[in-house]
Structure formats: C-alpha cells, structure tokens
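One letter stands for each residue in the lines below.
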Amino acid sequence: MNKTLKFLITGSMLLVSTCLYATDDAGFSEGANFEEVTGEALYHAICQGCHMTNAEGAKGAGMYPALAKNPKLAAGAYVIYMVSNGMGGMPPLKQYLSDEQIAEVVNYTRSHFGNHFTDVVDADDVKTIAQR
C-alpha cells in the first residue's frame, strides 16, 4: 500500500472514530482559541476525541493512552507539560488555551475517571512548566 493511500485511510479512520465517540455536549469553539472555561467542558471539547468519553483511551488508527486510573497523572507538572507541549500524537495545546484553561483541564483529569489526586495546579504552575 503506498504512503498516500495509507495516510488517507488512517486519517479517515481517526475522523470516523472521533465522530462515533463524540457526545452532544462536545461543542465547537469559534476563532483560534477554545472558549470553554471549566475543566469538564475543556475535556469534552478537546480531550475526549482521542482519550474517549470515560478516558479509557483508544487503539485503532492510533494509540491514545488511558487517562482513567493513570498513575502518571500523580505528577501535576507532567500533565501540564503534556497538555502544553504535547508529545508523539498528542498535539501541543498551549497556543490555543490560556494558563487558566490548562490548569482547569489538568485538575479535572487528575480528579476524575478514577483518579483521586487532590493537589491542584494553578495558572502560575502552568506559566512555570509550559515554558511559554
């Protein structure tokens, strides 16, 4: 199979899988930045497309790690870095989210989906770690 065809098939599969798992509460922001403010709204608008509604992760056209009951989320700095700068298939989001929004989605993910990390991060932590 040539590379172009493989790319098109993979991209189509990702789009279809994202649409299949989208929920009615996953809205679209207008403009260059996301408008959602709460961690829950940001997760539903951005993260669940790959990590799924209940943060179980996914395998298929790509591998998206589970965030549910994930011990790596114990380090708030790690999660801030990943959301801000991305890695592998995870895109960097710091150009689309404010420091406050990043802190909100990090805190939400670390305190939901079977994660019970109670230390919260704030916008100052994001400024320090995200290296804007």
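All values reported here derive from a predicted model rather than from experimental measurement.

Q: Explanation requested: the overall build of the protein in the structure shown.
A: Looking only at helices and strands, one finds five helices and two strands in the protein. Each helix (α) and strand (β) of the protein, taken in turn from the N terminus, gives the series α-α-β-β-α-α-α. Sorting the 132 residues of the protein into buried and exposed places 33% on the buried side. If you take every contact in the protein between residues at least 6 apart in sequence, the share linking residues at least 24 apart comes to 56%. When the accessible area of the protein is evaluated, it comes to approximately 8,200 Å², of which 61% is carbon and sulfur surface.

Q: Please explain helix H3 (residues 76–85) as it appears in this structure.
A: An α-helix turns once every 3.6 residues. As a result, residues three or four positions apart point the same way. Of all ten residues that make up H3, seven are buried, and the element is covered over most of its length. The complete set of buried residues in H3 reads Gly 76, Val 79, Ile 80, Met 82, Val 83, Ser 84 and Asn 85. Gly 86 sits one or two positions beyond H3 and adopts a positive phi of about 65°.

Q: It is not clear to me how a negative patch on the surface should be interpreted in this structure. Could you clarify?
A: Together, Glu 100, Glu 104, Asp 122 and Asp 124 line one region of the surface with negative charge. Mapped onto the fold, Glu 100 is located in helix H4 (residues 99–111).

Q: Sorry, what's going on with the nonpolar core here?
A: Considering soluble globular proteins, one finds that nonpolar side chains tend to be buried as a cluster. Membership of the largest hydrophobic core comes to 20 residues, with the highest contact counts inside it found for Tyr 43, Val 83, Leu 97, Ile 102, Val 105, Val 106 and Val 126. Taken together, the elements giving at least two residues each to this core come down to helix H2 (39–51), H3, H4 and helix H5 (123–130). The greatest single-element share of this core, amounting to five residues, is contributed by H4. Leaving out residues up to four positions away in the same chain, Val 106 has contacts with Gly 76, Val 79, Ile 80, Val 83 and Val 121.

Q: What exactly am I supposed to notice about H5 here?
A: Those residues of H5 lying buried are Ala 123, Val 126 and Ala 130. The buried residues of H5 occupy one face: seen down the axis, they fall within an arc of 50°. Looking at H5, the residues exposed on the side facing more than 90 degrees away from the buried face are Asp 124 and Thr 128. Buried positions along H5 lie against H3 and H4. Of the residues flanking the start of H5, the one acting as N-cap is Asp 122, its side-chain oxygen 3.1 Å from the backbone nitrogen of Asp 124. Positive backbone phi, at 55°, marks Gln 131, one or two positions downstream of H5.

Reading the values: the criteria
- Residues numbered from 1 in each chain as written.
- Predicted model: local features only at pLDDT ≥ 70, side-chain atom pairs only at ≥ 80, totals over all residues.
- Heavy atoms only, no water.
- Helix = DSSP H or I, 4+ residues; strand = E, 2+ residues; numbered from the N terminus.
- Buried < 20%, exposed > 50% of the residue type's maximum accessible area, 1.4 Å probe, protein only.
- Contact = heavy atoms within 4.5 Å.
- Areas by Shrake-Rupley, 256 points an atom, 1.4 Å probe, with all protein chains shown as cover.
- Patch = residues over 30% accessible without salt bridge, like charges linked within 9 Å, V, L, I, M, F, W, Y side chains within 5 Å.
- Salt bridge = Lys/Arg side-chain N within 4 Å of Asp/Glu carboxyl O.
- Lys, Arg positive; Asp, Glu negative; His and termini not counted.
- Charge placed at Lys NZ, Arg CZ, Asp CG, Glu CD.
- Core = buried A, V, L, I, M, F, W, Y, C linked by side-chain atoms within 4.5 Å.
- Arc of directions from axis to C-beta.
- Polar contact = N/O pair within 3.5 Å; in protein donor to acceptor, adjacent residues only side chain to side chain.

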